Amino acid sequence: MASFIVECVGWLIIALFSLYIFQLLRDARQRLPPGPWPPKPLIGDLLDLGEPGQQHRTFARLAERYGGLMSLRFGLVPHVIVSTPDALRAVFCAGEGGKKVDNIAGIPSLDVLTAWGHDAHTIFALPSQDDKWRAVRKFAAAEMLAPRRIAGAGALMQTRIVEALHRDLSGHAARGTAVAIRNVVMDPILSLLLGVLYSTDLEAKERAMFRDVIEEIVELLGTGNVSDMFPPIAALDLQGLRRRMKSLLAVVYRPFDEEVVVRRRSREAGEPRKNDVLDIVLDKESEWKEEGSLLNPEDIYGAGASSTAALMEWAMVDLIQNPDVMRKAKEELTRVLGDKPLMEDGDVARLPYLQAVIKELLRLRVALPLMPRKAEADIEVNGHRIPKGTNVLVNAWAINRNAEAWPEPEKFIPERFLGGETRSYLGQDFDMIPFGLGRRICPGMPYALKMIPLILGTLLHRFEWELPAEVQETGIDMTEKCGVVLTLVTPLKAIPKEI
Ligand code: HEM
């Protein structure tokens, strides 16, 4: 028996060693972009990733050594990391004769997303060449996030975001209690989401639970998973992440499933339409022939809740740490809004400084620091080759802080967007990509750009902000956590004082 085990272990070692040599030879032949060489057997370059939660910074540091386009192997899986505007431009202009083409519009497979077969439906797992992905994007653009729907949600934004947020903050101000900025912002966003989707809302307690579930889902999506690095053992789900995702997804989809049942009944009873997203999804149901399962509308809005709330937390961090900017933004609000108690959408166009603050936030504090993509064709770039099927991470955090594109890139200077700076959010110049670029560009951008000024204006217009005494002593803990979304390890808490 003992000799049998020794023999098996021997064969296993020989098999793994052969696999390693095979990989080295294959990598050498493939002309991959430069990177640490040779990668370690089995683990690849995992040891180079440094401190957990700091990958955006680690990749930027490694890029100084290996270049804007570099190869890293996480376990058995090769990745190409794009870290500079030049490298991004080169990847996107690698079509025939330098033609612009998005050949990295695929998406890496994540084992957690296979829970409940979710990967077959969710926009976050479908490759761009899949008909379903195209259908979901088309539906999102034409119906869910179409300008007329966003305009139609104006009244809901006013009540569920501006009024609700103001009420909540006033309550805290009256009690003198500190608020966790991310939570206090995310709750009204979720309330808006539920209104737009189903014309419903949840009780505050239930909504807070829903929020925590969404945050945990986002956290799971950004957790390094052995199953993704070693696909042959993915079925074992060694960290239990897929199992956890399964239970979280069940919670998130429950309200949707319940609403579908209720709405079907009300339609059968001939009750009037609500003309929300659910009505449209049900209209399309027979067309899709999938019992409404083609689309998970919650995914589309859920994605936006977390990223927008994270950005607003960074906004308050930067404003509290830059009192001059805070003062100018508040002065502008006072001047433009006068005695008006609450901000409205129509005010935004008259607030150029607030708009510059938002642009600078989007540059400096990318909500999604590492955009996951996958090569959908062989890409010849700068004498290297990114083979079809390779996972690509676009380090948007590093690109938005590129020193050649942005003077003093680490500083929060909204003034850089005043006086003629016309760079857009769309990534045409490849040096500012807060919403991504190309075919997978964030479909929720118009929605986000509508919500963000209203949220920020409400946070600033009628409130002064103070840090809790213990934070005043130590300063804000600026340790970042890089997951799908870039957040602070210690959530920002601050005390509002109503003016
Ligand atoms: C501050 C706000 C937001 C930021 C910074 C942001 C940023 C991003 C980024 C960088 C991507 C990846 C794009 C790429 O790969 O090129 C993305 C994808 C996505 N975003 Fe947003 N987003 C925000 C708000 C929203 C909102 C409000 C919604 C929905 C209402 C939304 C829905 C989505 C969806 C569905 C995708 C996946 C698209 C796909 O894979 O085809 N986002 N977002």
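Note that the structure is a prediction, hence the values are computed from the model and not measured. (Residues numbered from 1 in each chain as written. Predicted model: local features only at pLDDT ≥ 70, side-chain atom pairs only at ≥ 80, totals over all residues. Heavy atoms only, no water.)

**A look at the coordination of the iron atom of the ligand**
Each pair of donors in an ideal four-coordinate tetrahedral metal site encloses 109.5 degrees, whereas pairs in an ideal six-coordinate octahedral site enclose 90 or 180 degrees. Exactly one protein atom donates to the iron atom of the ligand; that atom is Cys442 (SG), 2.3 Å from the metal. Note that Cys442 resides in the loop between α15 (396–400) and α16 (445–461). (Donors = N, O, S within 2.8 Å, 3.2 Å for Na, K, Ca; no water. Helix = DSSP H or I, 4+ residues; strand = E, 2+ residues; numbered from the N terminus.)

**Looking at the sheet that holds strand β4 (residues 370–374)**
Ordered in space as β1-β2-β7-β4, the 4 strands form an open sheet in which the pairing is mixed. Every other strand in the sheet has two partners, leaving β1 (69–74) and β4 as the edge strands with one partner each. Shown here is a sheet whose adjacent strand axes are inclined to one another by a mean of 30 degrees, direction ignored. (Pairing = 2+ DSSP bridges. Axes fitted to C-alpha atoms, helices over the stretch in contact; angles between N-to-C directions.)

**Let's talk about helix α2 (residues 55–66)**
Under the 1.5 Å per step criterion, the end-to-end length of α2 is 16 Å for 12 residues, consistent within 8% with the ideal 16 Å. Residues Gln55, His56, Thr58, Phe59, Ala60, Leu62 and Ala63 constitute the buried set of α2. (Expected span 1.5 Å × (residues − 1). Buried < 20%, exposed > 50% of the residue type's maximum accessible area, 1.4 Å probe, protein only.)

**With respect to the UniProt feature "binding site: heme" (unreviewed entry) in the chain**
If you check UniProt for "binding site: heme" (unreviewed entry), the listed places come out as Cys442 in our numbering. Look at Cys442 and you get partly exposed, because its relative accessible area is 30%. (UniProt positions renumbered as here; feature names shortened; annotations may be inferred.)

**Let's talk about the sheet that holds strand β8 (residues 463–466)**
Spatially, 3 strands are ordered β3-β11-β8 in an open sheet, and the strand pairing comes out antiparallel. The open sheet terminates on both sides in strands that have one partner only, identified here as β3 (179–180) and β8. Pairing of β8 with strand β11 (residues 493–498) involves 4 bridges; the strand directions are antiparallel. Along β11, the bridge assignment pairs Glu466 with Ile495.

**A few points about the environment of Ile43**
Relative to the elements of secondary structure, Ile43 occurs in the loop between α1 (2–30) and α2. Between the C-alpha atoms of Ile43 and Arg327, which are 284 residues apart in sequence, the distance is 50 Å. Those residues in contact with Ile43, other than ones at most four positions away along the chain, are Arg73, Phe74, Gly75 and Phe230. (Contact = heavy atoms within 4.5 Å.)

**Notes on the pattern of salt bridges**
Where charged atoms of side chains with opposite charge meet at close range, the side chains can pair. Counted under the stated rule, the structure contains 37 salt bridges. For Arg363, the salt bridge goes to Glu360, with nearest N and O atoms at 2.8 Å. With Arg363 and Glu360 both in helix α14 (residues 352–364) and 3 residues apart, this pair spans about one turn of that helix. Judged by its relative accessible area of 0%, Arg363 is buried. Members of the salt-bridge network, linked through shared partners, are Arg263, Arg267, Arg273, Asp276, Asp279 and Asp283. (Salt bridge = Lys/Arg side-chain N within 4 Å of Asp/Glu carboxyl O.)

**Digging into the packing of helix α7 (residues 181–198) against α16**
Viewed as axis vectors pointing N to C, α7 and α16 meet at an angle of 140 degrees, and their least axial separation amounts to 12 Å. One finds that α7 runs oblique with respect to α16. Seen along the crossing, α7 lies across α16 with a hand that is right-handed. The residues of α16 that touch α7, namely those facing Val185, Ile189, Leu192 and Val196, are Tyr447, Met451, Ile455 and Leu459. (Parallel < 35°, antiparallel > 145°, perpendicular 65-115°, else oblique. Left-handed = near helix turned anticlockwise from the far one by under 90°.)

**Overview of the packing of aromatic side chains**
Scanning the model with the defined rule gives 5 aromatic pairs in all. Ring geometry for Phe92 and Phe430: centres 6.0 Å apart, planes at 50 degrees, overall tilted. On the criterion of sequence distance, the pair formed by Phe92 in helix α3 (residues 85–92) and Phe430 in the loop between α15 and α16 is long-range, its members being 338 residues apart. Side by side, Phe92 and Phe430 carry an identical accessibility label, which is buried. Above the plane of the ring of Trp406 lies Arg363, whose end atom (NZ or CZ) is 5.4 Å from the centre. The side chain of Arg423 reaches across the aromatic face of Trp406, ending 3.8 Å from its centre. (Phe/Tyr/Trp six-rings, centres within 6.5 Å; stacked < 30°, edge-to-face > 60°. Lys NZ or Arg CZ within 6 Å of the ring centre and 35° of its normal.)

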